[in-house]
Amino acid sequence: MMKYSYVINKDDYINAGKVSSQIKKILKELNVRPDILRRMAIACYEAEINMIIHSFGGEITLVIDNKAEFIFKDIGPGIKDITLAMKPGYSTANERARELGFGAGMGLVNIKKVSDEFNIESSTKGTILTLRFDLL
Amino acid sequence: MILRDILRVLNANHIYIDDQTILDRDFICVSVTDLMSDALAMVCSAGEHTFLLTGLVNAQSIRTAEMLDINTIIYVRDKVPQQDDLNVGIELKMNLFTTSLSMYEASGLLYESGLKTATR
């Protein structure tokens, strides 16, 4: 089993996407099938950006054995209404995020679409997004 | 349609070319958007035959392309990334171009030329 962890800081727009880029390189070196790799990269990037834009910061953990599991765990403030957040086009992104091309309201929708398993739990103490990908 | 012909249709200039052979690569799909999550939602099965047409000229356009296995971006309205953002593109071996056309004009010409939208 392999495990990788990365700290994500609130509003760290300059480094947005760097962790996903590093993870993509690792997955490529592990010879993950290209179509699965692309889905994993898309999910990771969207979730990383979400964490930067919306959370107080958190951590991305990737565990790989016969499957791959991402855990995106932040320290709040939580998603007020997950059902609404899952609705295409709904966004609470701020102006800075929109300037960077985010805030389309497609982040969680995209993540769910490309993941084999998707689970999200949220409270004011934080959000935990767990994604699983079959590697075969 | 090979990239060389696409660039001619759009009267586009190069900003940075990592690999000259890209000019003779056949492109089938184009993802046209300023919203990066929209680009990420539209995944053509062949990233190497897809390019991104956008007015978003910061590093996130480049990172988004990277996640989609796209290595060619054409910016509209003569936009060019700032040096820090350009460095991200160079590091990620991107091929970057710019056209004076608007997104609307460029999209129309690409549609007429037979390019398909990047599919869901």
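This report concerns the structure included in the present document. What you see is a predicted model; the values in this text were computed from it and never measured. Every chain begins its residue count from 1, and numbering advances along the sequence as written. Chain letters and ligand numbers both follow the written order, the letters beginning at A and the numbers at 1. Under the rules for a predicted model, residues below a pLDDT of 70 receive no local features and side-chain atom pairs below 80 are neither given nor counted, while totals for whole chains, interfaces and linings still include all residues. Remark: hydrogens and water are excluded; side-chain values derive from all non-hydrogen atoms of the structure.

A short note on the nonpolar core
Link 1 in the chain: Within the largest apolar cluster, 61 residues are counted, with the highest numbers of intra-cluster contacts made by Ile23, Met40, Phe70 and Phe72 of chain A.
Link 2 in the chain: By the criteria applied, helices consist of DSSP H or I runs no shorter than four residues and strands consist of E runs no shorter than two, each listed in order from the N terminus. Broken down by element, this core gets its largest block of residues, 13 residues, from helix α2 (residues 34-54) of chain A.
Link 3 in the chain: Any two residues having at least one pair of non-hydrogen atoms within 4.5 Å are treated as being in contact. Residues contacting Met40 of chain A, with those up to four places away along its chain left out, are Leu27, Val32, Leu62, Ala68, Phe70, Phe133 and Leu135 of chain A.
Link 4 in the chain: What is meant by a nonpolar core is a set of buried Ala, Val, Leu, Ile, Met, Phe, Trp, Tyr and Cys residues, joined one to another through side-chain atoms within 4.5 Å. The rule is simple: take the accessible area with a 1.4 Å probe, protein chains only, and divide by the maximum for that residue type; under 20% is buried, over 50% is exposed, in between is partly exposed. Core analysis: the next-biggest nonpolar cluster, separate from the first, contains 19 residues, Ile6, Leu7, Val30 and Val76 of chain B among them.

Concerning the environment of Leu110 of chain B
All names here are of chain B.
Link 1 in the chain: With respect to the helices, strands and loops of the structure, Leu110 is situated in helix α5 (residues 103-112).
Link 2 in the chain: By relative accessible area, which is 2% here, Leu110 ends up buried.
Link 3 in the chain: Sequence spacing of Leu110 and Val9 is 101 residues, and the spatial spacing of their C-alpha atoms is 7.8 Å.
Link 4 in the chain: If we skip the residues at most four places from it in the chain, Leu110 touches Ile6, Leu10, Val30, Phe51, Leu53 and Leu115.

Focus: the packing of aromatic side chains
All names here are of chain A.
Link 1 in the chain: Two rings belonging to Phe, Tyr or Trp (six-membered ring only in the last case) form a pair when the distance between their centres is within 6.5 Å. Interplanar angles under 30 degrees mark stacking, angles over 60 mark edge-to-face geometry, and anything in between is tilted. What the rule picks out here adds up to 4 aromatic pairs over all chains.
Link 2 in the chain: Relative to Phe102, the ring of Tyr45 has its centre 5.9 Å away and its plane inclined at 75°; by these criteria the two rings are edge-to-face. Taken as a pair, Tyr45 in helix α2 and Phe102 in the loop between α4 (95-99) and α5 (107-114) lie far apart in primary sequence, 57 residues in all. Phe102 carries the same exposure label as Tyr45, and that label is buried.
Link 3 in the chain: Among the aromatic residues, those joined into a ring-pair cluster are Phe70, Phe72 and Phe133.

Quick look at the pairing of strand β2 (residues 29-32) of chain B
Residue and element names in this part refer to chain B.
Link 1 in the chain: Where β2 and strand β3 (residues 50-54) come together, 4 bridges link them in parallel fashion. Bridge pairing in β3 links Val32 to Leu53.
Link 2 in the chain: Relative to strand β6 (residues 116-117), β2 runs parallel, the two sharing 2 bridges. Each bridged residue has a counterpart across the sheet, and for Cys29 the counterpart in β6 is Lys116. We call two strands paired when DSSP finds no fewer than two bridges between them.

A look at the sheet that holds strand β5 (residues 126-134) of chain A
Residue and element names in this part refer to chain A.
Link 1 in the chain: Across the sheet, which stays open at both edges, the 5 strands sit in the order β1-β2-β3-β5-β4 with antiparallel pairing between neighbours. The sheet terminates laterally at β1 (2-9) and β4 (117-123), the two strands that pair on one side only. Adjacent strand axes in the sheet meet at a mean angle of 10° when their direction is disregarded.
Link 2 in the chain: Pairing geometry for strand β3 (residues 67-74) and β5, over 7 bridges, is antiparallel. Bridging from a neighbouring strand, Lys73 pairs with Ile128 of β5.
Link 3 in the chain: Think of each axis as a best-fit line through the C-alpha atoms, taken over the contacting stretch in the case of a helix, with angles from 0 to 180 degrees between the N-to-C directions. Along the sheet face, α2 touches β1, β2 (57-64), β3 and β5 and points at about 5° away from the line of β3.
Link 4 in the chain: Against the sheet, α5 touches β4 and β5, its axis set at about 145° to β4.

With respect to the interface of chain B and chain A
Link 1 in the chain: On the chain A side, the residues contacting the 22 residues of chain B number 23 residues.
Link 2 in the chain: At the boundary of chain B with chain A, total buried surface from both sides reaches about 1900 Å², with 51% on carbon and sulfur atoms.
Link 3 in the chain: Accessible-area loss on putting two parts together, using a 1.4 Å probe and summing over both, is the definition of buried area adopted here. Interface area lost by chain B to chain A is led by Ser37, Gln60 and Met67 of chain B, which between them contribute 33%.
Link 4 in the chain: Any Lys or Arg side-chain nitrogen located within 4 Å of an Asp or Glu carboxyl oxygen qualifies as a salt bridge. Where chain B packs against chain A, one counts 2 salt bridges.
Link 5 in the chain: A salt bridge links Asp69 of chain B to Lys24 of chain A, with the nearest nitrogen and oxygen atoms 2.5 Å apart.
Link 6 in the chain: Each polar contact in these results corresponds to two N or O atoms within 3.5 Å; when the atoms are within protein, one needs to be able to donate a hydrogen and the other to accept it, and residues that are neighboring in sequence are counted only if both atoms are side-chain atoms. The tally of links from chain B across to chain A stands at 12 residue pairs in polar contact (both at pLDDT 80 or more).
Link 7 in the chain: Going through the elements one at a time, α2 (36-41) and α3 (59-67) of chain B are the ones with two or more residues in the side of chain B that touches chain A.
Link 8 in the chain: We call Asp, Glu, Lys and Arg charged. Ala, Val, Leu, Ile, Met, Phe, Trp, Tyr, Cys and Pro are nonpolar, and the rest, Gly among them, are polar. When grouped by side-chain class, the residues that make up the side of chain B that touches chain A number 11 nonpolar, 6 polar and 5 charged.

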